[in-house]
Amino acid sequence: MQVSVRDNNVDQAMRALKKKLQREGVFREMKLRRHFEKPSEKRKRERAEAVRRHRKLLRKRLEREGF
């Protein structure tokens, strides 16, 4: 990953880098790897995330269709 610094504006480059890392999911991955997660807990968490994503998709779809 590469971010260029223009006009010695390091703050702007740092913001751009953080945004890229956030989009890639690096911070989330670091948080998950901080402690060991049992395989059963991982399956349960991933299932809950999938349900959450699906419900959000349904909400947006209903909102767009006007129901």
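To start, this report covers the structure provided alongside it.

**Brief notes about helix α1 (residues 10-24)**
With 15 residues, α1 should reach 21 Å at 1.5 Å per residue; the first-to-last C-alpha distance of 21 Å fits that figure. With its phi angle positive at about 85°, Gly25 sits one or two positions after the end of α1.

**What about the pattern of salt bridges?**
Enumeration over the complete set of coordinates arrives at 4 salt bridges. We note a salt bridge from Glu49 to Arg28, for which the minimum N-O separation is 2.5 Å. Residue Glu49 is located in helix α3 (residues 39-65), and its partner Arg28 is located in helix α2 (residues 26-33); the two are separated by 21 residues in the primary sequence. The partner of Arg33 in a salt bridge is Glu29, and the shortest N-O contact between them spans 2.5 Å. In this pair, Arg33 and Glu29 both sit in helix α2, 4 residues apart, roughly one turn of the helix. Overall, the relative accessible area of 65% leaves Arg33 in the exposed class. Residue classification places Glu29 among the partly exposed positions, given a relative accessible area of 36%. Linked by salt bridges that have partners in common, Arg28, Glu37, Arg45 and Glu49 make up one network.

**What to know about a nonpolar patch on the surface**
Residues Val5, Val10 and Met14 make up a contiguous nonpolar surface patch of roughly 260 Å² in combined accessible area. Looking at the element boundaries, Met14 is found in helix α1.

So, how was this worked out
Residues numbered from 1 in each chain as written. Predicted model: local features only at pLDDT ≥ 70, side-chain atom pairs only at ≥ 80, totals over all residues. Heavy atoms only, no water. Helix = DSSP H or I, 4+ residues; strand = E, 2+ residues; numbered from the N terminus. Expected span 1.5 Å × (residues − 1). Salt bridge = Lys/Arg side-chain N within 4 Å of Asp/Glu carboxyl O. Buried < 20%, exposed > 50% of the residue type's maximum accessible area, 1.4 Å probe, protein only. Patch = residues over 30% accessible without salt bridge, like charges linked within 9 Å, V, L, I, M, F, W, Y side chains within 5 Å. Areas by Shrake-Rupley, 256 points an atom, 1.4 Å probe, with all protein chains shown as cover.

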